[in-house]
Structures are given as structure tokens and as C-alpha cells.
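# Structural overview
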Amino acid sequence: MKTIVPTQPATTGHGGNVHGLARKMGLAVADLLDFSANINPLGPPEWLRPLISREVENLVHYPDPYASALVSAIADRYQVDEESVMVANGTTELLYQLPKLLGRDRAIIPCPSYIDYARVMKLAGMAVHPFLLSAEHGFALDPRELAPLLTGGEVVVIGTPNNPTGVLVNPEQIVSLAKAHPSTLFLVDEAFLDFVEDGASVALGADNILTLHSLTKFYAIPGLRLGFGIFPLHIARLLREHLPPWTVNTLAQAVGVRALADKEYGEESRALCRELRTDFVRELRRIPALQVFDSAVNYLLLRLVDGSNAETLARQLLERRIMIRTCGNYVGLDASYFRVAVRTAPENKTLLQVLGEILQPQSVQLSLI
């Protein structure tokens, strides 16, 4: 049976829609090599499967509506009041609900950034003002540059590390800016911060800081859906009134408690990601057709230096059953940009091999790791 490659990948506007793409191509999900989703290359912890097996017997009961054990574990790790912690069915649930409750009419978003930031603010009736970051400076954000834009009453949304750039924002500068502008709310997305060695959270660093945290990416459980937020008490109480009960299932709660206690897995993951990213970047930079931006996490922003459309490259890679995340729908980026996850060494080698064949077919074969 001939494999059909879609002229445009099946997409929700995000990476990781491997199910839709596999259906369109007449393939099994396992037949695709997905570099479009930023998941820990170490894979889930070894304890995940036996833990879920043990918890199956508890599925005859409703989940704890307050996720008490998980909330306690989060509060202990981040040294915050339990009442300030809200767990959810992934941080997306919190991101979509929060803007409707904040009572703000304007949002400032450094861009490029996760595309749903702007979407949820617009859905809540806010005017969105992008603050464009510079490719010449590696898309780095100095939060102090935002100060002239802050008049009070707005929401500033900052991803750190940012998506799709992988750039970390100085936490002390975020806290300092928030304290200097107490009438502005700062929503800080730390979904990928666990990948950063010695990454410092800004959770409750000031009374006007709200943080989002994901457990699905770092622990490689995106299908389970699990995230949480740490908010000032008045916002946490308001949000608690508006979220439905039982959104975090029994299995997710048990996995979250165990994950937060597993320091060894965290240390191993960070060390592995650093090693894989370093090797991957070195080899990608040997391809003259690519510009590779520095990243602190498990994904890389790339650009075709001749300015050509990355959608063409994506279709060529799909012919080899490899998915990447084109970035033409990010504010601040054009169609020449794309993002790839850092995966295992053999998988990274496969992508490097195919990129070399497509982008420099006349060149001597890359010396791969």
C-alpha cells in the first residue's frame, strides 16, 4: 500500500498531532518519528507502569476532588501554601480558564512564544500587544525592556524557558519587574523549567506573579495530562470556584506524587538532555543550510538560512516518516523557521542523516555520532 503524504500536515496549530497525521498517511503512530513534540528523551520513569497497574483497582472510586496528596507534594517542593496550588488536567486547562477571571483588558506577550498565550487572551476579550524579540540577539528577553509598556492593569505573559526558542529568562529580573509594577499581573509559564539544571522558579516571588508548571513533558506522560499552577491566594480561590471537580484522574494524581519524589530521575534526565542537546547542536551546525539557535532545554529552533519555506522541508521529511514543527504561525517568525525536539541519540542521528541528504545532497556524508 502506498504511503500518502499530506500536502499540509494534520495540525491543531501545535506540534505533536501524531494521531491525525498517522491517520491521513494510513500509518500506525509507531511508524512516525515525531520531532514536533518536546518530550523527555529518557522516556517515562521505570516505576510508571507498575504504579499505574497498582492504582487500577482504585478506579472504581471517584478521584480525590482536591488532589490532596499531590497538592501537598507540590507545596512542599516549592515551599508555598497548599491553598495557592491548583492542579489540573494539564496546564492548558488553567491557561484557558485564567484570563476570563483576571478582570484585565490588555495583555503584553514577548514573541515568538507559545501560540495559545495570545489565543486565550483574545478569547477573554483582551487586546493583545506583542513585544517582538530579536533573532540577532537569539530571541533573548530582558524583562526590564518591558517596563516602559506597563501602565497598570495589564497581564504580561512570559515563557521561561520560552517556546519555541528554548531561551531562559532571568528569574531575578522577572521578580524585580513584578515588584516594581504591583498593579500588573505576570503570568509566567515554567512548563519546561524542570529540564534546566539549577532552574529557579519565580513562584510567588511577588504578590502579582502567577506560574504554570507541567509534569507531562518532563516525565514523558503527555497522554496522561497533568499540570499545576501556583497563584496568589485570591486568584487560586477564584479559580477553584470555576474549575469543575475531578478534572485530575486517580492515575494522574498518583503519578504526580511519585514523580515529584523521584530526584534521581530528574537528575538523570537533565544530564542526558544536556549531553544529547550539545551533540545534536554540534552536528546540526555542520549543515550550512541551517541556522541553529541556542537553547536551554530539550528542543531547538532552527532556520533555513536561504529563507526558503520550512513547509517544503516538512513535507520532504514526512516522506521519510519524520515530523518536525514548522513555525510560520508564530508571531515574530516567518516560514523559514522550524523547531525540532531533542530525542535519543539514534533518533537524532536519523534526522541528521535525512536533513543532510535533503539540504546538502552533493556534500560529503556527515560524520555522525
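Here, every reference points to the structure presented above.
Values in this document were obtained by computation on a predicted structure and should not be read as measured data.

### Let's talk about the pattern of salt bridges
Under the counting rule described, the total for this entry stands at 11 salt bridges. Glu83 is the salt-bridge partner of Arg237, the closest N and O atoms lying 2.6 Å from each other. Of this pair, Arg237 sits in helix H7 (residues 233-242) while Glu83 sits in the loop between helix H3 (68-78) and strand E2 (85-88), and the two are 154 residues apart along the sequence. Owing to a relative accessible area of 40%, Arg237 belongs among the partly exposed residues under this scheme. A single network of salt bridges, built from pairs that share partners, joins Asp279, Arg282, Glu283 and Arg286.

### Digging into the sheet that holds strand E10 (residues 299-304)
Taken in spatial order, the four strands make up an open sheet running E9-E10-E13-E12, and their pairing is antiparallel. Since the sheet does not close on itself, it has two edges, and those belong to strand E9 (290-292) and strand E12 (325-326), each with one partner. Direction of pairing for E10 relative to strand E13 (residues 337-341): antiparallel, over a ladder of five bridges. Along E13, the bridge assignment pairs Leu300 with Val340.

### Regarding the pairing of E13
With five of five residues buried, E13 lies mostly within the body of the structure. Of the two faces of E13, the one lined by Tyr337, Arg339 and Ala341 and the one lined by Phe338 and Val340 are each fully buried. Bridging between E12 and E13 involves two bridges; their strand directions are antiparallel. By the bridge assignment for E13, Arg325 is matched with Arg339.

### Things to note about the sheet that holds E2
Each strand in a sheet pairs with another by means of backbone hydrogen bonds, the pair being arranged parallel or else antiparallel. Overall, mixed pairing links the seven strands, which are arranged E2-E8-E7-E6-E5-E3-E4 in an open sheet. Looking at which strands have only one partner, the edges of the open sheet turn out to be E2 and strand E4 (127-132). Pairs of neighbouring strands in the sheet enclose a mean axial angle of 20 degrees, with direction left out of account. Note: strand E7 (residues 209-214) against strand E8 (residues 227-230), four bridges, orientation antiparallel. Along E8, the bridge assignment pairs Leu212 with Gly229. Of the strands in this sheet, E2, strand E6 (185-189) and E7 touch H7, which is tilted by about 35 degrees from E2.

### A short note on empty space enclosed by the protein
Rolled over the atoms, a probe sized like a water molecule indicates the empty space that remains. One pass over the structure, following the stated rule, counts two cavities of 30 Å³ or more. Empty space within the largest cavity amounts to approximately 70 Å³. Elements with a contribution of two residues or more to the lining of the largest cavity: H3 and E7. Across the lining of the largest cavity, the residue classes tally to six nonpolar, two polar and three charged. What the second largest cavity holds in volume is close to 60 Å³. Taken together, Pro110, Ser113, Leu133, Phe139, Leu141, Ile158, Gly159, Asn162, Val167 and Val169 make up the full set of residues lining the second largest cavity. Its residues assigned to classes, the lining of the second largest cavity shows seven nonpolar, three polar and no charged.

Cut-off values and rules
- Residues numbered from 1 in each chain as written.
- Predicted model: local features only at pLDDT ≥ 70, side-chain atom pairs only at ≥ 80, totals over all residues.
- Heavy atoms only, no water.
- Salt bridge = Lys/Arg side-chain N within 4 Å of Asp/Glu carboxyl O.
- Helix = DSSP H or I, 4+ residues; strand = E, 2+ residues; numbered from the N terminus.
- Buried < 20%, exposed > 50% of the residue type's maximum accessible area, 1.4 Å probe, protein only.
- Pairing = 2+ DSSP bridges.
- Axes fitted to C-alpha atoms, helices over the stretch in contact; angles between N-to-C directions.
- Contact = heavy atoms within 4.5 Å.
- 1 Å grid on protein atoms, 1.4 Å probe; cavity = no way out; pocket = protein on both sides within 12 Å on 5 of 7 lines; lining within 4 Å.
- Points joined across faces, edges and corners; volume = space filled by probe spheres on them.
- Nonpolar A, V, L, I, M, F, W, Y, C, P; charged D, E, K, R; others polar.

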